[in-house]
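Below, each chain spelled out in residue letters.
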Amino acid sequence: MTASTVERVTELQVAWGTLESPLGQLLVAVTSRGLVRVSFEANDPAAVLEVLARRISPRVMEAPALVDEPRRQLDEYLAGRRKRFDLAVDWALVSPFGREVLGACAAIPFGQVSTYGALSAAIGRPRASRATGNALGANPIPIVVPCHRVLRTGGGLGGYTGGLHLKAHLLHLEGVLS
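Residues numbered from 1 in each chain as written. Predicted model: local features only at pLDDT ≥ 70, side-chain atom pairs only at ≥ 80, totals over all residues. Heavy atoms only, no water.

1. Quick look at helix α7 (residues 164-173)
Here's step 1: All of the buried residues in α7 are Leu-166, Lys-167, Leu-170 and Leu-171. One side of α7 carries all its buried residues, which in axial view fall inside an arc of 135 degrees.
Here's step 2: Looking at the buried side of α7, the elements it contacts are α3 (68-78), α5 (116-122) and β6 (150-151).
Here's step 3: Gly-175 occupies a position one or two residues after α7 and carries a positive phi of about 85 degrees. (Buried < 20%, exposed > 50% of the residue type's maximum accessible area, 1.4 Å probe, protein only. Helix = DSSP H or I, 4+ residues; strand = E, 2+ residues; numbered from the N terminus. Arc of directions from axis to C-beta. Contact = heavy atoms within 4.5 Å.)

Below is the structure:
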């Protein structure tokens, strides 16, 4: 985000807009610290916006121009033209444990996968694979923080907040699934 964008977002606290994508309409929200939310629930944003208002600030406003950069990068990724996101992230909606999990998840490279157990071990909690799965399920920034790259031990897809069809689509896009 540019300095003027950060100033404008600071005035609003939370700016949001939508993105038409192959996955359906996405809701994208930013704060002055960075991307705070990507939601598959853009067709009915009330619940998402209520959580942002309650947990971050009641000053939530639709301001599409202020979310142009994350929308552009998401669009490029979903079109197969981007393998890494270059966005600041605001972890305000994530617990400390969730941040550990999502930080490790963010390190999984494009086109590669891990398992819930391996991710748990990577953060030094090898017996916390169920808690790791719960933290991934609560990921407020899917796609950018690539929780779709985490599978069940044995290769099963596991779960995905947007639905398994979206997880399969993203893994296919990355060449993991044929």
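2. Remarks on the sheet that holds strand β2 (residues 24-31)
Here's step 1: Across the sheet, which stays open at both edges, the four strands sit in the order β3-β2-β1-β4 with mixed pairing between neighbours. Whereas interior strands pair on both sides, the edge strands pair on one side only; in this sheet they are β3 (34-39) and β4 (60-62). Looking at each pair of strands side by side, their axes are set apart by 30 degrees on average, direction ignored.
Here's step 2: In this structure, β2 lies alongside β3, joined through five bridges in antiparallel fashion. Counted as the bridge partner of Val-30 is Leu-35 from β3. (Pairing = 2+ DSSP bridges. Axes fitted to C-alpha atoms, helices over the stretch in contact; angles between N-to-C directions.)

3. Quick notes on unusual backbone geometry
Here's step 1: In this structure, Ile-143 is a non-glycine residue whose phi angle is positive, near 75 degrees.
Here's step 2: By the element assignment, Ile-143 lies in the loop between α6 (129-137) and β6.

4. So, the packing of helix α4 (residues 96-106) against α6
To characterise two packed helices, one gives the angle between the axes of the helices and the distance between these axes.
Here's step 1: Relative to each other, α4 and α6 sit at 80 degrees, their axes nearing to 9 Å. Accordingly, the angle class assigned to the pair α4 and α6 is roughly perpendicular. Of the residues in α6, those touching α4 at Phe-97, Gly-98, Val-101, Leu-102 and Cys-105 are Ala-131, Thr-132, Ala-135 and Leu-136.
Here's step 2: By residue class, the composition of the contact of α4 with α6 is seven nonpolar, two polar and no charged. (Parallel < 35°, antiparallel > 145°, perpendicular 65-115°, else oblique. Nonpolar A, V, L, I, M, F, W, Y, C, P; charged D, E, K, R; others polar.)

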